[in-house]
Amino acid sequence: MFQTITSIMDELRKLSVLCVSLQYKHHYEGTLDKEIQEQTYILMSDKKSCRHLDNVNLFSTVGCIDYQIELCHLEELRPLTQAENNAWKFLQSFKSDLAKYIVYRLADSDGAVYSID
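Calculation rules
Starting afresh in each chain, residues are numbered from 1 along the sequence in its written order. Per-residue local features of the predicted model are confined to residues with pLDDT of at least 70, and side-chain atom pairs are confined, for both listing and counting, to 80 or more; whole-chain, interface and lining totals are unaffected and use all residues. Side-chain numbers here rest on the full set of heavy atoms in the structure, without hydrogens or water. Numbering of helices and strands runs from the N terminus; a helix is a DSSP stretch of H or I covering at least four residues, while a strand is a stretch of E covering at least two. Exposed residues in this analysis have more than 50% of their type's maximum accessible area, buried residues have under 20%, and partly exposed residues fall in between, with area computed by a 1.4 Å probe over protein chains only. Only the protein chains shown count as cover for residues, with accessible areas throughout obtained via the Shrake-Rupley method and a probe of 1.4 Å. Among buried residues, those of type Ala, Val, Leu, Ile, Met, Phe, Trp, Tyr and Cys that are joined through side-chain atoms within 4.5 Å constitute a nonpolar core. Contacts between residues were defined by any pair of non-hydrogen atoms, one from each residue, lying within 4.5 Å. Angles run from 0 to 180 degrees between N-to-C directions of axes, and those axes are lines fitted to C-alpha atoms, restricted for helices to the stretch in contact. Angle categories: roughly parallel below 35 degrees, roughly antiparallel above 145, roughly perpendicular from 65 to 115, and oblique for all the rest. Put simply, a crossing is left-handed when the front helix is turned counterclockwise from the back one by less than a right angle, and right-handed when it is turned clockwise. Nonpolar residues are Ala, Val, Leu, Ile, Met, Phe, Trp, Tyr, Cys and Pro. Charged residues are Asp, Glu, Lys and Arg, and all others, Gly as well, are polar.

**Focus on the overall build of the protein chain**
Then comes step 1: Within the protein chain, the regular secondary structure consists of five helices and zero strands.
Then comes step 2: Helices (α) and strands (β) of the protein chain occur, in sequence order from the N terminus, as α-α-α-α-α.
Then comes step 3: Counting across all 117 residues of the protein chain, residues that qualify as buried make up 25%.
Then comes step 4: Of the roughly 8800 Å² of accessible surface on the protein chain, a fraction of 57% belongs to carbon and sulfur atoms.

This is the structure in structure tokens:
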């Protein structure tokens, strides 16, 4: 199913909160649900602030999001929803494609040898 970038980013925000909260659930004994609600509210309410990032900083940012979303903690409780799965796949694909783009744009890539003789 087709999803917009906005809906994918919303899913990634929610996944990030869930996964980080579950990873550190021992800090939130008895208040985990409340912590998840509060952190989700914070991430979902300030979506308009942004700044321009160059490709390398964008790659670092995407890497941080990827690092925060440790799916094992969530998947111990339930399978991913279709929207979560689509967002996760998009993140992985985007990160890979961005890395390829950055390498391709390097000054030496024009003369790069594409074999390993």
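**Things to note about the nonpolar core**
Then comes step 1: Grouped together as the largest cluster of nonpolar side chains are 17 residues, with contacts concentrated most on Leu12, Leu15, Cys19, Ile69, Leu71, Leu74 and Leu91.
Then comes step 2: Those elements that place two or more of their residues in this core are α1 (5–23), α2 (32–45), α4 (71–75) and α5 (82–105).
Then comes step 3: When residues in this core are grouped by element, the largest group, seven residues, is from α1.
Then comes step 4: Apart from the residues lying within four places of it in its own chain, the contact partners of isoleucine 69 are Leu12, Leu15, Ser16, Cys19, Trp88 and Leu91.

**Focus: the packing of α1 against α2**
Then comes step 1: Between α1 and α2, whose axes approach to 9 Å, the crossing angle comes to 150°. Classed by the angle they form, the pair α1 and α2 counts as roughly antiparallel. α1 and α2 meet at a crossing whose hand is right-handed. Across from Asp10, Arg13, Lys14, Val17, Leu18, Ser21 and Leu22 in α1, the residues of α2 making contact are Leu32, Glu35, Ile36, Gln39, Thr40, Leu43 and Met44.
Then comes step 2: Class assignment of the residues belonging to the contact of α1 with α2 gives a composition of seven nonpolar, three polar and four charged.

**Observations regarding the packing of α1 against α5**
Describing two packed helices takes the angle between their axes plus the distance from one axis to the other.
Then comes step 1: Where α1 contacts α5, the axes come no closer than 9 Å and their chain directions differ by 100°. When the axis of α1 is compared with that of α5, the two are roughly perpendicular. Between α1 and α5, the residues in contact are Ile5, Ile8, Glu11, Leu12, Leu15 and Leu18 and Ala83, Glu84, Ala87, Trp88, Phe90 and Leu91, respectively.
Then comes step 2: Grouping the constituent residues of the contact of α1 with α5 by class yields 10 nonpolar, no polar and two charged.

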